[in-house]
Amino acid sequence: MKKMVNLYYELYGSGSPLVLIHGFPLDHTIWLPLVPLLQGSALLILPDLRGHGSSPVPRGPYSMHLLAEDILRMLDTLRIDRAVLAGHSMGGYIALDFVHSFPDRLAGMAIVSSQAFADSSERRQKRYETALEVSKNGMRNLAEAMAQQLSSRPELKSYLVNLLLRAKPMGVSGALKGMAEREDASGWLKDIKVPVVLIYGLKDSLIPCEKTRAMLAGLQKGFEVEIPEAEHMPMLETPQQVAEAFRKLMLLSF
Ligand code: MLT
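Procedures and definitions
- Residues numbered from 1 in each chain as written.
- Predicted model: local features only at pLDDT ≥ 70, side-chain atom pairs only at ≥ 80, totals over all residues.
- Heavy atoms only, no water.
- Helix = DSSP H or I, 4+ residues; strand = E, 2+ residues; numbered from the N terminus.
- Rg over C-alpha atoms; globule rule 2.2 N^0.38 Å.
- Areas by Shrake-Rupley, 256 points an atom, 1.4 Å probe, with all protein chains shown as cover.
- Lys, Arg positive; Asp, Glu negative; His and termini not counted.
- Charge placed at Lys NZ, Arg CZ, Asp CG, Glu CD.
- Pairing = 2+ DSSP bridges.
- Axes fitted to C-alpha atoms, helices over the stretch in contact; angles between N-to-C directions.
- Contact = heavy atoms within 4.5 Å.
- Near = heavy atom within 4 Å.
- Polar contact = N/O pair within 3.5 Å; in protein donor to acceptor, adjacent residues only side chain to side chain.
- 1 Å grid on protein atoms, 1.4 Å probe; cavity = no way out; pocket = protein on both sides within 12 Å on 5 of 7 lines; lining within 4 Å.
- Sits in = over half its atoms within 2 Å of the grid points.
- Buried < 20%, exposed > 50% of the residue type's maximum accessible area, 1.4 Å probe, protein only.
- Expected span 1.5 Å × (residues − 1).
- Arc of directions from axis to C-beta.
- Points joined across faces, edges and corners; volume = space filled by probe spheres on them.
- Nonpolar A, V, L, I, M, F, W, Y, C, P; charged D, E, K, R; others polar.
- Parallel < 35°, antiparallel > 145°, perpendicular 65-115°, else oblique.

1. Describing the overall build of the chain
Reasoning step 1: Across its full length, the chain carries ten helices and seven strands.
Reasoning step 2: Against the 2.2 N^0.38 benchmark of 18 Å for 254 residues, the chain shows a C-alpha radius of gyration of 17 Å, consistent with a compact globule.
Reasoning step 3: Its C-alpha atoms give the chain principal-axis dimensions of roughly 45 × 45 × 35 Å.
Reasoning step 4: For the chain, the accessible surface area stands at approximately 10800 Å², while carbon and sulfur atoms represent 54% of it.
Reasoning step 5: When the 28 basic and 27 acidic side-chain charges of the chain are each reduced to a single mean position, those positions are 4 Å apart.

In structure tokens, the structure reads:
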């Protein structure tokens, strides 16, 4: 039986709703640099996904659809009919499932450092190996290297390493298996009726910017914001540019 969970979330500001969905295996705090920049013009909703941050950690796998259902349930609890969803990396996979499954609940979408393709068989295999490693040894052996892949900026290192060290093995392995098994979403793009912004850093070493860019051709109302100096974490590395892109998206969406 599918276990329902109530997500932990934080609310900031007021205005049209903007849900900020973090990536793997992070939590809502990655979005905090955007709060002072956007809270005057939007209601910011920052959830922790199941298995992450302060949300419950049930046994996985966490399919992208299950994680999208958690977001839907949160919107129902908040009595929000339509929102803009911004998904970072794994959060982007979830946003894509959400727009495919619940199109009427979406006013617009931001895909941040993410892409629509399914995993290659090598990537899938690697995820299962990582899930096993984390279940045995926790994040100890991985945190430092993974932090470096997210962003090589020295000023972000201790924040990222500590965030990764706090990740719970059961949540990490649930999300890894869910990502490994996710569907290819590239065929869904043409049916998305709402505005979509693709935001990506040219220095992203985790999801090559070509993969994010490849989505543009499939979208009816897509536009892109390329950030030359950003890696995989533009909301931490270049928050002003990300906030500007979100502002533009919100104006087009409501
Ligand atoms: C993420 O940052 O959410 C993940 O690294 C994405 C992925 O592994 O595909």
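Once the structure has been displayed, the description carries forward.
2. So, the sheet that holds strand S4 (residues 83-88)
Reasoning step 1: Taken in spatial order, the seven strands of this open sheet run S1-S3-S2-S4-S5-S6-S7, and their pairing is mixed. In the strand order of this sheet, the two ends are held by strand S1 (9-12) and strand S7 (222-227), each with one partner. Here the average twist between neighbouring strands, direction ignored, is 20°.
Reasoning step 2: Here four bridges tie strand S2 (residues 16-21) to S4, and the two strands are oriented parallel to one another. In the strand pairing of S4, Leu20 is matched with Ala86.
Reasoning step 3: Those strands touched by helix H2 (residues 64-77) are S1, S2, strand S3 (42-47) and S4, and its axis lies near 150° from that of S2.
Reasoning step 4: Strands in contact with helix H3 (residues 90-101) are S2, S4 and strand S5 (106-112); relative to S5, the strand with the most contacts, it is inclined by about 155°.

3. Details of the site of the ligand
Reasoning step 1: Surveying the vicinity of the ligand reveals the residues Gly23, Phe24, Ser89, Met90, Tyr93, Arg123, Arg127, Met179 and His232.
Reasoning step 2: Measuring from an oxygen atom of the ligand, one finds a side-chain N or O atom of Ser89 at 2.6 Å.
Reasoning step 3: Met90 has a polar backbone atom sitting 2.8 Å from an oxygen atom of the ligand.
Reasoning step 4: Burial of the ligand by the protein chains amounts to 96% of its free accessible area of 270 Å².
Reasoning step 5: Judged by the proximity of its atoms to the pocket grid, the ligand belongs to the largest pocket.
Reasoning step 6: Sorting the residues of the shell around the ligand by element identifies H3 and helix H4 (121-137) as the ones contributing at least two each.

4. Focus on the pairing of strand S6 (residues 196-201)
Reasoning step 1: With respect to burial, S6 is a largely interior element, six of its six residues being buried.
Reasoning step 2: Alternating residues of S6 divide into Val196, Leu198 and Tyr200 and Val197, Ile199 and Gly201, and every residue in both groups is buried.

5. Quick notes on helix H10 (residues 239-253)
Reasoning step 1: Counted at 1.5 Å a residue, the expected span for H10 with its 15 residues is 21 Å, and the 21 Å between its end C-alpha atoms agrees.
Reasoning step 2: Looking at H10, one finds that the buried residues are Pro239, Val242, Ala243, Ala245, Phe246, Leu249, Met250 and Ser253. An end-on view of H10 places all buried positions within 160° of arc, on one side of the element. With respect to the buried face of H10, the exposed residues turned more than 90 degrees away are Gln240 and Leu251.

6. Concerning the pairing of S2
Reasoning step 1: Counting buried residues along S2, five of its six residues qualify, which places the element largely inside the surrounding structure.
Reasoning step 2: The sheet contact formed by S2 and S3 spans four bridges and is parallel. In the strand pairing of S3, Val19 is matched with Ile45.

7. Looking at the layout of surface pockets
Reasoning step 1: When its volume is computed, the largest pocket comes out at roughly 450 Å³.
Reasoning step 2: Taken together, 21 residues line the largest pocket, and the ones lying closest to its centre are Phe24, Arg123, Met146, Gln149 and Leu206.
Reasoning step 3: Broken down by secondary-structure element, the contributors of at least two residues to the lining of the largest pocket are H3, H4, helix H5 (143-150) and helix H7 (169-180).
Reasoning step 4: Split into classes, the residues belonging to the lining of the largest pocket amount to twelve nonpolar, six polar and three charged.

8. Looking at the packing of H2 against H3
Reasoning step 1: It is at 8 Å that the axes of H2 and H3 come closest, and there the two elements cross at 70°. With respect to H3, the element H2 is oriented roughly perpendicular. Along its contact with H2, which presents Met64, His65, Leu67, Ala68, Ile71, Leu72 and Leu75, the element H3 presents Met90, Tyr93, Ile94, Asp97, Phe98 and Ser101.
Reasoning step 2: The class makeup of the residues in the contact of H2 with H3 is ten nonpolar, two polar and one charged.

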